[in-house]
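Overview (structure and organization)
Here is what each chain is made of, one letter per residue.
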Amino acid sequence: LSKREVDAEKAWKELEEKYQNGEVFETVIKEVVKGGLVVDVGVRGFIPASLVETYFVEDFSDYKDKPLTVKIVDLDPEQNRVILSHRAVVEEEAQKKKQELLNTLEVGQRIQGVVQRITDFGAFVDIGGIDGLVHISQLAHEHVEKASDVVSEGEEIEVEVLSIDKENERISLSRKNVIPGPWENISERVKNGDVLEGKVQRLVSFGAFVEVFPGVEGLVHISQIANRHIGRPEEVLEVGQTVKVKVLNVDEENKRISLSIKELEKDKEDINI
């Protein structure tokens, strides 16, 4: 009996040191009970279910006889209470990893990440222990209505770091900056004389801008809208209207495409003749 008391007293002293130092140590799960796990740390210790993992665990049966790293979160020898947590260890390791990552990240850096969550304003991407936000405006070169139209949860994507707020642990990312722009190699995809279908995006005094590819607009000059003279593009076209256009010229360097509706009408007339 006296030896047990001596061993217990020694165990409590060691546990007190571990508790005060915030020491992380390994223990083996002895029992799975209602509400958590029981361990032997010289005396009986208890890991509540909420302190086992950072996520919900439905069945703890697989934990029996398995080692687990823990730290003491509550210690009371008078009440014979030792409360331990594996979750705290995991969270501290994650925080340490997060800080290390924040210190190594640089604006302009390109890294791989995994889409974790999709929201109305963008997507959160895990870039190795910390989530960064790809705002919806940074998902693609073209306008995006819903983030889920471009990326999906669990998808691995490449992103570029736009900004880093170490104090608030916020990282802004861009997917748009690492994918080919809509104008890239446009001269290889579009040739003079090609007939394309597009949607009228804007009407201006000197013509109409028609989107022929996502993010690529060409200009139909007012003189190229109709065979007859018109004073304003609105006389013939309206925003949102789908039209067929003929490519007159492609200037990839200056991101300009000249289009014509009139030329197609002429071609039709020539065929009919």
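Our structure is the block above this text.
Residues numbered from 1 in each chain as written. Predicted model: local features only at pLDDT ≥ 70, side-chain atom pairs only at ≥ 80, totals over all residues. Heavy atoms only, no water.

1. With respect to the side chain of Thr119
Our working rule: Segments assigned H or I by DSSP are reported as helices when at least four residues long, segments assigned E as strands when at least two residues long, and all are numbered from the N terminus. When accessible area is computed with a 1.4 Å probe and restricted to protein chains, residues below 20% of their type maximum are described as buried, those above 50% as exposed, and intermediate ones as partly exposed. Contact criterion: two residues are considered in contact whenever any of their non-hydrogen atoms come within 4.5 Å of each other.
Inspection of the secondary structure puts Thr119 in strand 6 (residues 110–119). Thr119 sits in the buried class, given a relative accessible area of 19%. Here Thr119 is in contact with Phe124 and Ala147, once residues within four sequence places are set aside.

2. Comments concerning the packing of aromatic side chains
We count it as follows: Side-chain rings of Phe, Tyr and Trp (the six-membered ring for Trp) are treated as a pair once their centres are within 6.5 Å; stacked means planes under 30 degrees apart, edge-to-face means over 60, and tilted covers the remaining angles. The criterion for a charge sitting over a ring is simple: Lys NZ or Arg CZ within 6 Å of the ring centre, and within 35 degrees of the ring normal.
Applying the stated criterion to the full structure yields three aromatic pairs. Ring geometry for Phe121 and Phe124: centres 6.1 Å apart, planes at 85°, overall edge-to-face. The exposure class assigned to Phe121 is partly exposed, which follows from its relative accessible area of 40%. Their ring planes at 85° and their centres at 6.2 Å tell us that Phe206 and Phe209 sit as a pair that is edge-to-face. Under the relative-accessibility criterion, Phe206 is labelled partly exposed at 39%. Looking at Phe209, the relative accessible area reads 17%, which means it is buried. Of note, Lys18 hangs over the ring of Phe25, and the distance from its end group to the ring centre comes to 5.2 Å.

3. Some remarks on the nonpolar core
Condition: What we call a nonpolar core is a set of buried Ala, Val, Leu, Ile, Met, Phe, Trp, Tyr and Cys residues that are connected through their side-chain atoms within 4.5 Å.
Core analysis: the biggest nonpolar cluster contains 22 residues, and Val245, Ile257 and Leu259 have the highest contact counts within it. Looking at this core element by element, the count peaks at four residues for strand 14 (residues 242–251). Beyond its immediate sequence surroundings of up to four residues, Ile257 is in contact with Trp183, Ile186, Val216, Gly218, Leu219, Val247, Asn249 and Val250. Grouped together as the second largest cluster of nonpolar side chains are 21 residues, Ala123, Ile130, Ala140 and Ile157 included.

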